[in-house]
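Spelled out from the first residue to the last, the chains are:
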Amino acid sequence: MAKIRNRVIGISAAGLAATVVAVFCVQSAQGSDALAGAPRAELRVDQVGYTPGEAKQAYLMTSVPLTAASFRVRDSSGNEVLGGKVGASTGRWNDTYRAVHTLDLSSLTEPGDYRVEVSGRVNAVSPQFHIAPADELFGKLIQDNVSFFQAQRDGADVDPTKLRRKPSHLADRQATVYDTPAYDADEKVLTKPLKPVNSPIDVSGGWNDAGDFLKFTHTASYSTASLLLAQRTTPTGGKELAAEARHGLDWLDKMWDDKSHTLYVQVGLGKGDTDDGSGKIRSDHDDWRLPEADDALQVKPGDPNYMIKHRPVFRAAPPGKPISPNLAGRVAATFALAAQLDAADNPEQAHAELEKAAHVYALADTTPGDQLVTAFPHSFYPEASWQDDMEFGATEMALAAQALGDSRASGWAKQAGHWAKQYITSDTLGTLGLGDVSALAHADLAKLFDSGVQGTEATRGELVADLKRQLNDGSSRAASDPFRAGAVYTDFDSVPHTFGLAATAQLYQRVTGDTHYDAFATQQRNWALGANAWGSSFVIGAGTTFPHCPEHQSANLAGDLNGEGDILRGGVVNGPNAAEKLKELNSFPGMRKCPTNEGNPFAVYDGRGGGFMDHVGAWQTVESADDFTATALLSFSLSAAPQSPETRRS
């Protein structure tokens, strides 16, 4: 089940003029022929490319269905290297493009750069794409994803080569902790004053969550865990991936006070004002600025901007009290993953990390109420499931304990099996993303079964069946979609859910040895990287057409506006959303205009209720976020390090 987030802002930059050129230069039927009434046609490919041995599909959008047509592929020298017949239509897209045809490029295996051409009744030329080995093809994407996290850094340890970043939010070194904020029924206005509860603590560092400057344990733990899993999976990310995972872990270490057993969940105020509407408390989302501007504010208690500079910290629960189980599980999993990676070379540190995991996990409230703790207000990141987080935490602790020779391994494994069973029989089943980590938990719990763990409530077969359930949900949607999209592109998080499906298919193959979903995984990656109706990659800097105007303040105010050079490279955006949601765009004083001209050149490709806009105010489609990018990075890492499963087929 897709989870809907309510990010209020997050924005970026770069001129749409370049986007218009990139989109329309490769779409051959938009010129004089179209004006003369000739049929329209567009070719869509994965603009990053394909590995030699995988199934490869391109798509031809046409204004007229074709009964017989041919295509050819040319290399970088213009030589024809492959020819074939255009496949049958997979369905109508919109009123302009009444047919989408598939082109099978699977026999193209020689590494190199290529384009696809169709000529005759319709004419189209695709963007260039690559054929390359997996480590080469995905290694650059992983490096770019890591670059995004480097640009997201907060605190003193920033990278000045990313968006001209400067140290920011240094007041977080002495941040005041406040009691849980109370909002009205619409979660827009504070209904009572914020109440300090203890002396200042150091919560500096970490990553800004998205295009704004808030920091959340909920998203940071998911992102850090994903980076640690990627680090465990492949050496392709190298030292920079390891350093960025450690950066996230170091901040989570500040958000968990192991002495008082207190978990802090948020730094900053996303929504302020007061119940009488006087606006006496302004929030992070009330200004458009660079993050270092907050440090320059001259404020004192009672000033409207006081909590923009002196950001409040909120707790999951009072010291030593039960913690919302979604947070307890995923934070424990993150510390335990670090312990696994440190076990061989730094066992002392690994033991300390495992103890922190055990402490936070032991505080989980396993009889939570109707609303889990994620963020304040809750509507920023609503979540329904939590048994998957508990399974994730217990599984990773068991694996860490095995690596360290800790006798608690079997007990945690049995707890993991219990929570897996509870999740599988719940009514909150989902697919991989910020709101559901069951795929990650299931895949690693299967390792415990393979190591000889027995006597858990869930069986290995049940884990595999639930992975298949998630993949079948996506593949059934893909079967009826013209571009084989497995995610819902009329709702939030379509792109991260797409990468989540791809990662789940890759995990399934590793767990079972079954290659049934391999082609589906490739289709999902292809869709996110350009083989979609809009002809855009949804990873900034990847391919020839990608978002130039992400809703991201630092990128908008400090980055290049032409989509080149100093951009938010590697950031993954939400992607297509319901077209009707794009009627209202964000606008702030000081926002640099992007695009520089009016209109939306992607609108002609909107269809089946889905829409896409590359506009600095279109948070619904082009806001980039940590969890989005972390999911993509994990998927690319799994693709870069294919392996033959050692486990039996299930």
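Rules used throughout
- Residues numbered from 1 in each chain as written.
- Predicted model: local features only at pLDDT ≥ 70, side-chain atom pairs only at ≥ 80, totals over all residues.
- Heavy atoms only, no water.
- Helix = DSSP H or I, 4+ residues; strand = E, 2+ residues; numbered from the N terminus.
- Rg over C-alpha atoms; globule rule 2.2 N^0.38 Å.
- Buried < 20%, exposed > 50% of the residue type's maximum accessible area, 1.4 Å probe, protein only.
- Contact = heavy atoms within 4.5 Å.
- Areas by Shrake-Rupley, 256 points an atom, 1.4 Å probe, with all protein chains shown as cover.
- Lys, Arg positive; Asp, Glu negative; His and termini not counted.
- Charge placed at Lys NZ, Arg CZ, Asp CG, Glu CD.
- Disulfide = S-S within 2.5 Å.
- pLDDT = per-residue confidence, 0-100.
- Phe/Tyr/Trp six-rings, centres within 6.5 Å; stacked < 30°, edge-to-face > 60°.
- Expected span 1.5 Å × (residues − 1).
- Pairing = 2+ DSSP bridges.
- Polar contact = N/O pair within 3.5 Å; in protein donor to acceptor, adjacent residues only side chain to side chain.

**Student:** Explain the overall build of the protein chain to me, please; I cannot follow it from the model alone.
**Tutor:** When helices and strands are counted, the protein chain shows 17 helices and 18 strands. Its C-alpha atoms give the protein chain a radius of gyration of 24 Å, near enough to 26 Å, the size a compact globule of 650 residues would have. If one aligns the C-alpha atoms of the protein chain with their principal axes, the spans along those axes are about 75 × 60 × 40 Å. The buried share among the 650 residues of the protein chain stands at 61%. Sequence-distant contacts in the protein chain: of pairs separated by 6 or more residues, those separated by 24 or more amount to 77%. Working note: accessible area of the protein chain is about 22,700 Å², and carbon and sulfur atoms make up 49% of it. Seen as two clouds, the 59 positive and the 80 negative side-chain charges of the protein chain have centres 2 Å apart.

**Student:** What should I look at first to understand the state of the cysteines in this one?
**Tutor:** One way to say it: the disulfide is the covalent bond shared by the sulfur atoms of two cysteines. Taken as a whole, this structure holds one disulfide when the rule is applied. Each sulfur in the disulfide pair Cys549 and Cys594 lies 2.1 Å from the other. Judged by the sign of its S-S torsion, about -70 degrees, the bond between Cys549 and Cys594 is left-handed. Pair noted here: Cys549 is in the loop between α14 (518-528) and α15 (553-558) and Cys594 is in the loop between β17 (577-578) and β18 (610-611), with a separation of 45 residues, a long-range link. The pair formed by Cys549 and Cys594 is uniform in burial state, with each residue classed as buried.

**Student:** Could you clarify how one ought to interpret the confidence of the model for the protein chain in this entry?
**Tutor:** When pLDDT is low, close inspection of the predicted coordinates is not appropriate. Of the residues in the protein chain, 93% have a pLDDT of 70 or more, and the chain-wide mean is 92. Taken as a whole, residues 6-36 scores under 50 in pLDDT and shows 122 contacts with residues more than four places along the chain or in a different chain. Segment residues 644-650: pLDDT under 50, and 19 contacts once partners within four positions in sequence are set aside and those in other chains are kept.

**Student:** Just checking my understanding: could you explain the packing of aromatic side chains for this structure?
**Tutor:** Centre-to-centre distance and the angle between the planes together describe a pair of aromatic rings. All told, the structure shown has 23 aromatic pairs when counted by the stated rule. Considering the side-chain rings of Trp93 and Tyr489, the 5.8 Å spacing of their centres and the 50 degrees angle between planes classify their relative orientation as tilted. In this pair, Trp93 is assigned in the loop between β6 (89-91) and β7 (99-104) and Tyr489 in the loop between α12 (460-479) and α13 (494-512), connecting sequence segments 396 residues apart. For Trp93, a relative accessible area of 4% translates into the label buried. Assessed through its relative accessible area of 8%, Tyr489 is described here as buried. With a centroid separation of 5.8 Å and 35 degrees between ring planes, the pair formed by Tyr97 and Tyr605 is classed as tilted. In this pair, Tyr97 sits in the loop between β6 and β7 while Tyr605 sits in the loop between β17 and β18, placing the two residues 508 residues apart along the sequence. Classification of Tyr97 by relative accessible area gives buried; the value is 0%. Residue Tyr605 is classed as buried on the basis of its relative accessible area of 0%. Site record: aromatic cluster; members linked through ring pairs are Tyr59, Trp93, Phe483, Tyr489, Trp527, Trp534, Phe538, Phe602 and Phe612.

**Student:** Just to check I follow, could you spell out helix α7 (residues 325-342) for this structure?
**Tutor:** Given 3.6 residues per turn, any residue in an α-helix points the same way as the ones three and four places further on. With 18 residues, α7 should cover 26 Å at 1.5 Å per step; its first-to-last C-alpha distance of 26 Å lies within 8% of that length. For α7, the tally of buried residues reaches 17 of 18 residues, placing the bulk of the element in the interior.

**Student:** I would appreciate a short explanation of the pairing of strand β15 (residues 262-267) in the present structure.
**Tutor:** Look at any regular strand and the pattern is simple: side chains alternate between the two faces of the sheet. Among the six residues that make up β15, six are buried, leaving the element largely enclosed by the rest of the structure. Pairing between strand β13 (residues 215-216) and β15: two bridges, direction antiparallel. Across the sheet, Lys215 pairs through a bridge with Val267, a residue of β15. Bridge count between strand β14 (residues 256-257) and β15: two bridges; the pairing is antiparallel. Opposite Trp256, over in β15, you have Leu263 as the bridge partner.

**Student:** What's the story with the environment of Ser119 in this structure? I'm lost.
**Tutor:** Relative to the elements of secondary structure, Ser119 occurs in the loop between β8 (112-118) and β9 (124-125). When its relative accessible area of 36% is taken as the criterion, Ser119 is described as partly exposed. With 281 residues separating them in the primary sequence, Ser119 and Ala400 have C-alpha atoms 58 Å apart. The residues contacting Ser119, other than those within four sequence positions of it, are Ser70 and Arg72. Side-chain polar atoms of Ser119 contact the side chain of Arg72, separated by 3.2 Å.

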